[in-house]
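Each chain, written out:
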Amino acid sequence: MNGDASPARQACLAVSGGRIAAIGETGEARETVDANGACLLPGFIDCHTHAVYAGDRSDEHAARLGGASYEEIARGGGGILTTVRAVADASERQLIDGARPRLATLLAEGVTTIEIKSGYGLDLANELKMLRTIRELGATLPMNVVSTFLGAHTIPGNHSHESYMDLVVDEMLPAVAAEDLADAVDIFVENIAFTIADMERLFAAATGHGLKLRAHTEQLSNMGGGARAAELGASSCDHLEHLDEDGVRAMASAGSVAVLLPGAFYFLGETRLPPVAELRKHQVPIAVASDLNPGSSPINSLLACLHMAATLFRLTPGEALLGVTRYAAQALGLDNEIGSLEVGKRADFCLWEISAPELLCYQLGGLRPLAVYKDGQRVIHEQIFMDNLNG
Ligand code: DI6
Ligand code: FE
């Protein structure tokens, strides 16, 4: 995953102190593992999720199947606000217990880093509750958990647009920063949510607190949010089905990663494809994530989204694989640490019993790594495989 996704035939990889110490050199080791010709890939990175939530929205799914649109449901007080009510009723303990199996499911398919956003609290106490939940998941699971403050997800019913933005920027953000509960901020720039001016204000304040910047842009319409977010230094712009070529150019010159979310495209039955040809032409790095959430992407599988990135968005298997490794790390600003098998990076990797990595974009379902390593420690393994290894 060092720029392209073609496999290398290396005899060995050495780990020391949780990091990759050498590649291709053989020598003495305290412990050796014979991978029996299995394929070694970096741990996958799900760089955009809303994996902490309560309740489900299967009734809204049924309503959409009957013809209602995502926007109509949102404007009627449902959508994100349905989940906000469920999260308000849940304790931090209940949120942790609800999210843990989702994360464990991702870990079992080889995801060693996950980003999780708040955004179903929408008041100070509940946003902090969500972010503490995210931090607690990171402290108790063998995964790298990145936390993003998405107070600007939608406007709650008890606020005007202006008074809610005041609350997000003047009260929530300082409280989040004071407790070090987030690594980045995010905002939903859309005609049913926030404006570019809101984003400018939020980003200025967040930069002052040392937070990284992300944005949901051009998901349902083209507002120019992607171009502006990139200019302001956003490490990624996410969704992007409605991004135009000017937006692509702005992202290219600013070095912002395009995070594509085929699960939401698929589940909402969208028809407008993200501008993959233009992103390629201008060499914008492309990441792929699950967007796991109860409204637009109840898809608890990054591998399913990897598959959809190829089948629905026509990414090449190499592009899709780089999208859940190298460029996902870049979207999180963690490309010096994770996302590829290189000396000095964290020893987060998986063994797969597959003929070639491209198989992961081809087969849908039934795929699991033989073993998952996080910081050099084996955290999950297939007993059958290990039994074989041990003779
Ligand atoms: N766009 C999305 O697809 C998710 N958030 C966003 O800004 C959906 C969140 C939800 O519907 O609960
Ligand atoms: Fe999202």
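Read on for a plain summary of the structure. In this text the structure is predicted, and so the values were computed from the model without any measurement.

We now examine the site of ligand 1. Taken together, 14 residues lie around ligand 1, and Arg57, Tyr70, Tyr120, His153 and Ser296 are the ones closest in. Note that a nitrogen atom of ligand 1 is positioned 2.8 Å from one of the side-chain N or O atoms of histidine 153. When each cavity is represented as a set of grid points, ligand 1 is found to reside in the largest cavity. Among the residues forming the shell around ligand 1, the class breakdown is four nonpolar, eight polar and two charged.

Spatially, β3-β12-β13-β14 is the arrangement adopted by the four strands of the open sheet, whose pairing is antiparallel. Edge strands, defined here as strands with exactly one partner in the open sheet, are β3 (39–42) and β14 (377–381). Direction aside, the axes of adjacent strands within the sheet are offset by 25° on average.

Under the defined criterion, the tally for this structure stands at two cavities of 30 Å³ or more. Of the pockets and cavities examined, the largest cavity occupies roughly 100 Å³. What lines the largest cavity is a set of 13 residues, among which His50, Tyr70, His153, Asn293 and Ser296 lie closest to the centre. Split by residue class, the lining of the second largest cavity holds two nonpolar, four polar and two charged.

It is worth spelling out the packing of aromatic side chains at this point. A ring pair, where both rings are aromatic, is described by two values, the distance of the centres and the angle of the planes. On inspection of all chains with the given rule, the structure shows four aromatic pairs. Here the aromatic rings of tyrosine 164 and phenylalanine 194 are separated by 6.3 Å at their centres, their planes lie at 35°, and the arrangement is tilted. Here the residue tyrosine 164 occupies a position in helix α6 (residues 161–178), and phenylalanine 194 occupies one in the loop between β7 (184–187) and α7 (196–208), the gap between them amounting to 30 residues. We classify tyrosine 164 as buried; its relative accessible area is 0%. The interplanar angle of 40° and the centroid separation of 5.1 Å between the aromatic rings of phenylalanine 349 and tyrosine 373 together place this pair among those described as tilted. Here tyrosine 373 lies in strand β13 (residues 371–374) and phenylalanine 349 lies in strand β12 (residues 349–352), a separation of 24 residues in the sequence. No difference in accessibility class separates phenylalanine 349 from tyrosine 373, as the two residues are buried. Here the basic side chain of arginine 102 rests over the ring of tyrosine 53, its NZ or CZ set 3.6 Å away from the ring centre.

With that settled, consider the packing of α6 against α7. Packing of α6 against α7 brings their axes to within 10 Å, and their N-to-C directions diverge by 10°. When the interaxial angle is binned, α6 and α7 end up roughly parallel. Across the interface between the two elements, His161, Met165, Asp166, Val168, Val169, Asp170 and Leu173 of α6 pack against Asp198, Arg201, Leu202, Ala205 and Ala206 of α7. Residues of the contact of α6 with α7, tallied by class, amount to seven nonpolar, one polar and four charged.

Take unusual backbone geometry next. Located in the positive-phi region is glutamate 218, a residue other than glycine, with phi close to 50°. When you line up the elements, glutamate 218 lands in the loop between β8 (212–217) and α8 (225–231). Residue glutamate 218 is classed as buried on the basis of its relative accessible area of 2%. Unusually for a residue other than glycine, arginine 314 sits at a positive phi of about 65°.

Before going further, it helps to examine the coordination of the iron ion (ligand 2). Donor atoms from the polypeptide that bind the iron ion (ligand 2) are His48 (NE2), His50 (NE2), His216 (NE2) and Asp291 (OD), placed at 2.1 to 2.4 Å. The coordination sphere of the iron ion (ligand 2) comprises four donor atoms, whose angles at the metal cover 81 to 169°; the geometry is irregular. Each donor residue of the iron ion (ligand 2) belongs to the same chain, with the gaps between them written as H-x1-H-x165-H-x74-D. One end of the pair, histidine 50, is in the loop between β4 (44–46) and α1 (58–65); the other, aspartate 291, is in the loop between β11 (286–288) and α12 (302–311), and 241 residues separate them in sequence. For the residue pair histidine 50 and aspartate 291, the accessibility class agrees, reading buried in each case.

What counts and what doesn't
Residues numbered from 1 in each chain as written. Chains lettered and ligands numbered in written order. Predicted model: local features only at pLDDT ≥ 70, side-chain atom pairs only at ≥ 80, totals over all residues. Heavy atoms only, no water. Near = heavy atom within 4 Å. Polar contact = N/O pair within 3.5 Å; in protein donor to acceptor, adjacent residues only side chain to side chain. 1 Å grid on protein atoms, 1.4 Å probe; cavity = no way out; pocket = protein on both sides within 12 Å on 5 of 7 lines; lining within 4 Å. Sits in = over half its atoms within 2 Å of the grid points. Nonpolar A, V, L, I, M, F, W, Y, C, P; charged D, E, K, R; others polar. Pairing = 2+ DSSP bridges. Helix = DSSP H or I, 4+ residues; strand = E, 2+ residues; numbered from the N terminus. Axes fitted to C-alpha atoms, helices over the stretch in contact; angles between N-to-C directions. Points joined across faces, edges and corners; volume = space filled by probe spheres on them. Phe/Tyr/Trp six-rings, centres within 6.5 Å; stacked < 30°, edge-to-face > 60°. Buried < 20%, exposed > 50% of the residue type's maximum accessible area, 1.4 Å probe, protein only. Lys NZ or Arg CZ within 6 Å of the ring centre and 35° of its normal. Parallel < 35°, antiparallel > 145°, perpendicular 65-115°, else oblique. Contact = heavy atoms within 4.5 Å. Donors = N, O, S within 2.8 Å, 3.2 Å for Na, K, Ca; no water. Tetrahedral: all angles 85-135°; square planar, octahedral: opposite > 155°, others 65-115°.

Read these as spatial facts, not as claims about activity.
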